[in-house]
Every structure is written in structure tokens, then in C-alpha cells.
Amino acid sequence: MLRNGWSPHPFRQFLLKAHSRCNLACDYCYVYTLADQSWRSRPMIMAPELVDTVAQRIAEHARDHALDSVRLILHGGEPLLAGADYLRQAVRLVREKAGLEVRVDAVVQTNGVLLDKDVLRAFAEEGIQVGVSLDGTSDGNDRNRRYADGRSSYPAVAEALTLLVEPEFRHLYNGLLCTVDLANDPVATYESLLHFQPPVIDFLLPHGTWDVPPPGRVPDPGATPYGDWLVAAFDRWYGASGETVVRLFQEIIHLLLGRASASESVGLTPSTLVVIETDGTMEQTDSLKAVGHGAPATGLNIVDHSFDHALQHPGVVARQLAFEGLSDTCKECAYSRVCGAGLYTHRYRRGTGFLNPSVYCPDLYRLIGHIRQRLVADLRRARLPKGPP
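Let us look at the structure shown here. These numbers come from a predicted model, not from an experiment. (Residues numbered from 1 in each chain as written. Predicted model: local features only at pLDDT ≥ 70, side-chain atom pairs only at ≥ 80, totals over all residues. Heavy atoms only, no water.)

**Structural notes on the packing of helix H6 (residues 186-194) against helix H7 (residues 225-238)**
Let me state the cut-off plainly: Here an axis means a line fitted to C-alpha atoms, over the contact stretch when the element is a helix, while the angle between two N-to-C directions is reported on a 0 to 180 degree scale. Note on conventions: DSSP H or I runs of at least 4 residues are helices, E runs of at least 2 residues are strands, and numbering of each starts at the N terminus. In these notes the angle categories are as follows: under 35 degrees is roughly parallel, over 145 is roughly antiparallel, 65 to 115 is roughly perpendicular, and the rest is oblique. With the far helix as reference, a near helix turned anticlockwise by less than a right angle produces a left-handed crossing, and one turned clockwise produces a right-handed crossing. What makes two residues a contact is simply this: any of their non-hydrogen atoms within 4.5 Å. Residue polarity follows a fixed list, in which Ala, Val, Leu, Ile, Met, Phe, Trp, Tyr, Cys and Pro are nonpolar, Asp, Glu, Lys and Arg are charged, and the others, Gly among them, are polar.
Across the interface, H6 lies against H7 with an axial gap of 8 Å and an inter-helix angle of 50°. Viewed along their axes, H6 and H7 adopt a mutual orientation that is oblique. At the point where H6 passes H7, the crossing takes the right-handed sense. Facing H6, whose interface residues are Pro186, Val187, Thr189, Tyr190, Glu191 and Leu194, H7 presents Trp229, Ala232, Ala233, Arg236 and Trp237. In the contact of H6 with H7, the residues fall into 8 nonpolar, 1 polar and 2 charged.

In C-alpha cells, the structure reads:
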């Protein structure tokens, strides 16, 4: 491919694993409860000298590829376990090394239970955005997201979000992540998230593969439990335009109207994300931990290798192939360029690897088809000649 003129897309998103442990025990977490257990052998926190090396490598990559902006995602585990000062210093260091020519947008993705005014003021000083994970109502959230001793995490998260919407901190609010649970009512889930005034809501499908399907995803191609759930949430959202952005729905609409996707969940936009673990190893997208032990590994580390080395790893290349990286089944589908076979992890099947449709194929087809019907109906109405008042 390289000999024939192909060149990779440079990384623009750098996911830094600031802390490898967590203070919640979410039962669907791909880091701790699924196939990959590499967290057990990694240090809890990234050493300062490694953070310095990461900063140098990001600056090097931005310079070599003439990037004017990059995104630094502070992740875990639970990144706030590293402390607000540690995270603030990490962002400051990356920006210092990158120089004035490169804008470094920084965001912390947190479960929210340690978020307080002192932390938010520290983030405000450095302009660090905050994304929070919450699965809907108190009962819905606590179905999966509890402390290890079984206590509810909802009150602490709700209190944090109440702070985040205050005028002093509102500009830091990056949005809410919500993992879909079929046991939770979709409309009630959406409306409970809306209560916290998020600028963006991300509905995430639980991680699973063809070998280990997600909960409720049965082999029957006619069954679309996740599609039905998302359709109900879409209709509630679409019927009240302007409440907030729901990224999955917005991206599907963009794709149906011929635009590109800004999400890895749908569409064919090449992946430009790389993960740096607390021990300095470079990995592919984090969700691959659901596939098998070591599945995200590249064999590279931040001390001995540049990010350009990772760009030539077969797994990274595969996620940049767009339409050519799809299975024949997907290429023949009417929604291939909208669905894009869904999230890369969800395509995995033993024996054929990732050259398959998504394990959520029927659900995605149902959702995309429904959104298309709504758009077509609205566009037709908009073109009808206006009648009498």
C-alpha cells in the first residue's frame, strides 16, 4: 500500500491513561470486566517522566504532519484519582511542548464522583473540558454503575453535574456519555440526562462481539432490541428540536445528507486516535479490550517509538481503510457508507477477525432506516406548495 502511494492519516486524538484504576465497579466496563486484563500489570499512575515523553512525541507528530490542532483525552480507569494538579500539569506540559502553532484541546472523561469546585476551578485555569458518564435515571444508572461495595454512585454524580451547569463552570461542560441498557426506558433515560442540561449526549452500545454478544443481542436477524431502543430515544429527541445534540443521531443525519462523520461509531471516517497506557505502551482503540487479552496491543512504546511507527501497525491501518476495509456483506448494503459496519470492535468474529458486519447490524439497519424515513417525510413536506393560511 505504501509503495502504491497510500499514506496514513496522522493521529489527532491522543488518549492518555492518567490512572489505571477506578473507584467504581461498573459491571460492563471493558477495562476490568471483559477479556483484556492487562490493567493488572500496569502502574496505577503514569510517571512524570513518561508524561514528558508523551508531550514531546505529540509535539513531534504535530510538527511532522503540520497539524494545527490536536485533542488530548485524559482517561482511565478514573483519571481524577491522579488528582487535578497532576492532570493540569500534564495538559500544561503538552501545550508547552506543542508550542503556539498547535492548539491542544484537552478533555477529562470522568465518572464524576470526585468532581467538586476545587477540581473544576483547577480545570478552568487550564481550560480543560469535562465529560461525565451517567446512564440515565438513578435506578437506571445504578443498575450497572455502583461502587464496589454496592453503594449508589448517582447522588455524587448528580451533585457534580449540578456544579458543572453553574455559570462559573458551564463553559467546561463537554457532555454526557450514556451506555444503553435495554432494561432502562429509552425516553425516561433521555429525559433524565436532559435534566442536567448537557451540550451533547453520547449513547454508547455495550461492547460485544459475534463470539461474545452484548446483552439481549440474540442471533435472530429479525430481532432489533437496541435499534428499537434507539428509535424511541430518537423520536423523542427529533420531535423537540434544539434541546441538545445527540451525537449518534446527528452523525447519522449528517451521513444520510452526504456529509462525513466525526464519530467512529458510524460512517467511514478514518480513525485518528491512539492510546497511551500508564506504562508508556501505545495501543489501538481502547474498546478492543472487549475482543481478547492483548487485542489493542501494538508492541510499541512511547520511549522507543514515534507515533509514526504506530501509524503503520496493521490494526491502525485497517481502521483507516474506510470503504475498502468493509466486508463484502457490508459493501453490498444500501447503508454501507452511513453505517460503516459500526464500531470496529463490534465486528470481531473468531476466524474472520474484523472482516464482518457489526454484531449490531440489524439494530443499526433499523435505526438508520427509521431516521431516513423521518428525514424523507420532512423533506417532502418542505417541498409541497403552501396551501391557504
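Now that the structure has been shown, we can carry on.
**What about the pattern of salt bridges?**
The line we're drawing: Just to be clear on terms, a salt bridge is a Lys or Arg side-chain nitrogen sitting within 4 Å of an Asp or Glu carboxyl oxygen. Throughout, exposure labels follow a simple rule: accessible area from a 1.4 Å probe, protein chains only, divided by the maximum for the residue type, with under 20% read as buried, over 50% as exposed, and the rest as partly exposed.
Within the structure shown, the criterion is met by 25 salt bridges. As a salt-bridge pair, Glu60 and Arg57 come within 3.3 Å of each other at their nearest N and O atoms. Taken together, the residues Glu60 and Arg57, both in helix H1 (residues 48-64) and 3 residues apart, mark about one turn of the helix. In this structure Glu60 comes out as partly exposed when scored by relative accessible area, which is 23%. Residue Arg57 is classed as buried on the basis of its relative accessible area, which comes to 15%. The salt bridge partner of Arg236 is Glu191, with a shortest N-O separation of 2.7 Å. Of this pair, Arg236 sits in helix H7 while Glu191 sits in helix H6, and the two are 45 residues apart along the sequence. One continuous salt-bridge network, built from bridges that share partners, spans Arg42, Glu277, Asp279, Glu283 and Lys289.

**Here's the deal with the pairing of strand E4 (residues 128-133)**
In plain terms, the rule: Crossover handedness is defined here as right-handed if the route from the first strand over the helix to the second strand goes clockwise, with the strands pointing away from the viewer.
The buried count for E4 comes to 5 of 6 residues, which makes it a mostly enclosed element. In terms of handedness, the path from strand E3 (residues 103-110) via helix H3 (residues 117-126) over to E4 forms a crossover that is right-handed.

**Looking at the sheet that holds strand E9 (residues 281-283)**
For clarity, the cut-off: Strands pair, by our definition, only if DSSP identifies at least two bridges between them.
Strand order in the open sheet formed by 10 strands is E7-E6-E5-E4-E3-E2-E1-E8-E9-E10, and the pairing between neighbours is mixed. The strands lining the two open edges of the sheet, one partner per strand, are strand E7 (245-246) and strand E10 (297-301). One ladder, built from 5 bridges, connects strand E1 (residues 13-17) with strand E2 (residues 69-75); its direction is parallel. The residue of E2 that forms the bridge with Gln13 is Arg71.

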